[in-house]
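Coordinates in review
Below are the chains, spelled out letter by letter.
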Amino acid sequence: MTSVPEMPAKLPGYLKLGEHPEVWARAAKIWAEFQKLATLKTWRMLMARKAFEEHFAPHSRESRALQAVLAASPQVWLLAVTLGPALEERFQVYLARRRPLEAYLLDRTGSFMAEHAMQALDREVRALSARQGQRTSNRFSPGYQDLSVAAQPAFLALVDPSLGLYLTEGKLLKPEKSITAIKGAGLNDATKD
Amino acid sequence: MQAPAAPLAGIRVFPINALPAAALSEKGIDEMSHSYEAKWRAVSRYYHEATPDLLFSFNDIVIQAEAMGAGILFAPDAMPAVKTTASQVRAPQAAEVERMRVNAQVVGSLVQEFPQRQVAGLVYGPFTVIGQLAGEQNVLRRVREVPRTLDGLLARATQVAQSYARLLLEAGAHVLWISDPLAALLPPECFEEFAGRYLRQVFATAQDGPTMLHICGDVTDLIEPMIASGTNGISFDQCMELLSIEDRVPPEVAVIGNLDPVEIVAMETPESVAAATRELATAMGAHPNFILSTGCALPPNTPLDNVRAFLDSGRRTLERVNRHAAHLAPLAQAVAQGDEDGAMELVRQGMAAGVDPLLMVQAGMVRSIRKASARYEAHQCYLPEILLMVDAFYRGMDLLRPEAPQGAEEVLLGTVQGDLHAIGKDLVRVMLEANGLGVRDLGVNVSADEFAQAVREHRPRIVGFSAFITSARLKLGPMIQQVRAAGGPELKVMVGGAAVNQAIAAEVGADAFAKEAVSAARLARRLLGREAA
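Residues numbered from 1 in each chain as written. Chains lettered and ligands numbered in written order. Predicted model: local features only at pLDDT ≥ 70, side-chain atom pairs only at ≥ 80, totals over all residues. Heavy atoms only, no water.

**Some points on helix α2 (residues 21-37) of chain A**
Selection criterion: Helical segments are the DSSP runs of H or I of at least four residues, strand segments are the runs of E of at least two, and each set is numbered from the N terminus. For a helix, the expected span equals 1.5 Å multiplied by the number of residues minus one. Note on exposure labels: buried denotes an accessible area under 20% of the residue type's maximum, exposed denotes more than 50%, and partly exposed covers the range between, all computed with a 1.4 Å probe on protein chains only. In this analysis, two residues are considered to be in contact whenever any of their non-hydrogen atoms come within 4.5 Å of each other.
A rise of 1.5 Å per residue sets the reference length of α2(A), with its 17 residues, at 24 Å; its end C-alpha atoms lie 24 Å apart and thus fit the reference within 8%. All buried positions along α2(A) are accounted for by A:Val23, A:Arg26, A:Ala27, A:Ile30, A:Trp31, A:Glu33, A:Phe34 and A:Leu37. Each element contacted by the buried residues of α2(A) is listed here: α1 (11-15), α6 (86-96) and α7 (100-131) of chain A together with α15 (340-352) and α17 (383-400) of chain B.

Given below as structure tokens:
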């Protein structure tokens with residue numbers, strides 16, 4: 001029997017579990033259920049900056065905030081994580097059964113763990129860069145500040161289809177517990193940030 | 001539920017003061033304020049028409065300040081008001097003051113005319129009186145800067161208040177009532193020094209007789225000092241959420257209040273007054289020491305039909321809740337603890353005992369959700385704890401649903417076209433339902449035409465728009481216009497979601513912005529006129 005891993009230390013605080021023992025008990029059950037429902041998939045790609053700007057034109061150029069983050073980066077990492085569609089399907093089931101606490105806990109756990117996965121992927125690419133004596137910039141995602149979600153189709157055109165990512169009519173990323181991100185790469189001491 | 005503890009036994013429902021009696025007088029308020037005959041004729045007529053459990057003698061707030069030297073403006077169509085502060089402060093005996101003698105005489109007449117009911121002797125707190133004598137801003141500044149300069153004034157104001165209280169009690173008043181509105185502006189650490197100890201001195205004139213204390217406004221931070229004044233009951237302003245503060249009041253002190261006297265009792269229809277009263281009495285009736293009242297004095301222009309609606313609806317509802325208290329209180333407790341099995345068992349027992357299903361919903365279950373929501377908004381608990389209670393609420397509702405009549409779907413919800421975010425909206429729906437409101441949820445990606453069609457078809461009273469992304473927010477303004485055209489001028493609009501804030505809500509023409517689900521439910525109740533603003 002596969003044992004359930006321990007909850008990440010920060011998850012109870014994120015979920016705002018408080019003091020009620022029953023809330024904690026339900027959160028533990030949802031955590032166990034999460035292990036069965038979530039199918040983590042990650043993807044990364046390194047591109048030359050020029051190729052990035054061409055592929056994401058005009059949105060990347062139009063975003064002053066993105067350009068500030070990427071700055072003089074000669075390369076760009078594209079990152080994607082997804083936990084798959086089963087979480088939101090189960091969320092809907094809980095809501096339909098009028099179990100709002102379970103629905104809330106599952107949704108919030110999914111959001112936390114998607115970000116957790118993206119942070120892990122971020123660390124991975126930073127470590128890769130560090131091995132070459134280089135640095136990366138902060139992450140930036142379509143939909144942040146002035147980078148329009150209209151940039152998402154260009155992003156998804158590059159992502160491995162096995163992740164199962166797609167966009168709604170309104171360019172919302174699905175499955176819901178998925179994150180795409182852009183990071184500047186190839187920065188070294190000679191490169192001005 | 002038991003009746004209030006012995007000191008205030010027999011007092012269940014009353015509006016504060018007797019100012020609506022002015023409408024029953026051929027004389028103006030100025031003449032009523034000076035003439036026993038004019039005042040008595042109006043007040044006795046009022047209390048023959050309306051039958052509260054506690055009677056007042058048509059009190060005006062400036063009577064003590066006037067006796068001590070303030071200049072007063074009298075007018076036929078307005079309550080007396082301070083015109084000039086006192087250039088010289090006197091401290092007369094109450095028996096020497098004509099208008100105080102008039103009030104005492106009216107108290108005596110009330111005691112004789114209505115022997116089955118109790119009569120209040122109303123005096124004003126010393127801190128309020130010195131504010132009228134010396135100017136409120138001046139007094140509040142001196143509290144901070146030169147506190148000792150107020151000692152002499154407070155001592156004399158207390159003397160006059162004590163003398164007046166004795167006069168009213170000797171005339172037969174059963175309950176000593178003190179109103180001290182200016183004390184609401186004292187910081188909690190100053191309350192005892194400038195109000196509390198003087199209130200105790202005035203209350204001492206009642207010599208262990210029953211007392212009540214009313215301080216207008218938000219007294220959230222003053223509850224414990226008010227209790228320390230020794231009063232038997234605290235009358236709360238309509239701005240106070242009684243469910244959120246009831247646990248801070250010890251069981252031997254009555255919680256009194258707090259229907260909005262102006263926005264609801266004076267201005268609404270009798271039917272709306274009855275409904276709002278029913279709601280308040282249902283929520284608070286299970287409290288073991290609750291007295292139903294208004295949040296402040298009814299204004300002089302309050303229609304008599306509205307006063308009667310308040311009293312009749314209040315009495316009927318309290319009686320119903322009281323009759324089934326043995327089922328309702330444990331049910332409320334089970335929901336408060338998130339005990340699903342316990343809630344279901346208690347619902348079964350209640351149904352077997354013939355308790356009205358709607359009463360079990362409102363007085364048993366919704367009460368706990370509302371109470372927890374008030375704690376949440378005061379940052380005293382987190383959302384998962386409330387959702388745990390909602391789970392218990394829903395389990396109870398599953399049993400009650402076949403029996404409890406479906407309420408009207410008063411709220412229509414949806415996420416704006418192009419936006420698929422659901423959880424925020426879903427939690428709003430859950431909290432609205434747990435607050436006893438009927439909801440129709442249109443789902444996500446809802447177009448303006450769909451909203452408008454739903455408004456025309458289902459006639460909700462509130463439409464709630466959820467917008468989590470910028471593109472959805474940009475659609476809000478025109479959507480709201482279209483929905484308002486479909487729903488008419490009475491329709492209320494709420495907005496919420498990550499793409500919206502208070503400023504955007506105003507820009508797009510919404511009536512309210514809900515930051516999150518718990519406050520959304522409270523705002524909805526306010527928009528429906530079920531909570532004071």
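Back to the text.
**Re unusual backbone geometry**
At the junction of A:Lys174 and A:Pro175, the peptide bond is cis and its omega measures out at -5° in the coordinates. Residue position: A:Pro175 is located in the loop between β5 (173-174) and β6 (178-185). One non-glycine residue with positive phi stands out, namely A:Arg98, at about 55°. Note that A:Arg98 resides in the loop between α6 and α7. With a relative accessible area of 18%, A:Arg98 lands in the buried category. Residues other than glycine seldom take positive phi values, yet B:Asp208 does so here, at roughly 70°. If you trace the backbone, B:Asp208 turns up in the loop between α8 (188-204) and β7 (211-214). B:Asp208 gets classed as exposed once you look at its relative accessible area, which sits at 83%.

**So, the pattern of salt bridges**
Note the cut-off: Think of a salt bridge as a Lys or Arg side-chain nitrogen and an Asp or Glu carboxyl oxygen that are within 4 Å of each other.
For the structure on display, the rule yields 49 salt bridges over all chains. Two residues, A:Lys50 and A:Glu54, come together in a salt bridge whose shortest N-O distance is 3.4 Å. Pair noted here: A:Lys50 and A:Glu54 are both in helix α3 (residues 49-55), with a separation of four residues, about one helical turn. With respect to class, A:Lys50 is no different from A:Glu54; both count as exposed. Residues B:Arg375 and B:Glu385 are paired through a salt bridge, measuring 3.6 Å at the closest nitrogen-oxygen approach. A residue pair is termed long-range when its members are at least 10 positions apart, and B:Arg375 in helix α16 (residues 357-377) and B:Glu385 in helix α17 qualify at ten residues. Look at B:Arg375 and you get partly exposed, because its relative accessible area is 25%. B:Glu385 sits in the buried class, given a relative accessible area of 18%.

**Quick look at the interface of chain A and chain B**
Rules: For any pair of parts, buried area is found by adding up, for both, the accessible area (1.4 Å probe) each one loses once the two are put together. By the criterion applied in these results, polar contacts are pairs of N or O atoms within 3.5 Å in which, for protein atoms, one can donate a hydrogen and the other can accept it, and in which residues neighboring in sequence qualify only through two side-chain atoms. Classification convention: Asp, Glu, Lys, Arg as charged; Ala, Val, Leu, Ile, Met, Phe, Trp, Tyr, Cys, Pro as nonpolar; all other residues, Gly among them, as polar.
Tallying the contact residues gives 21 residues for chain A and 24 residues for chain B. Summed over both sides, the interface of chain A with chain B buries roughly 2000 Å², with 65% coming from carbon and sulfur. Looking at the side of chain A facing chain B, the largest losses of area belong to A:Arg98, A:Pro100 and A:Leu172, adding up to 31% of the total buried there. Connecting chain A to chain B are five salt bridges. For A:Arg98, the salt bridge identified is with B:Asp398, shortest N-O distance 2.3 Å. Taken together, the connections running from chain A to chain B amount to seven residue pairs in polar contact (both at pLDDT 80 or more). Contributing elements (two or more residues each) for the side of chain A that touches chain B: α2, α6 and α7 of chain A. Residue contributions to the side of chain A that touches chain B peak at five residues, all from α7(A). Here the residues of the side of chain A that touches chain B are counted per class, giving eight nonpolar, four polar and nine charged.

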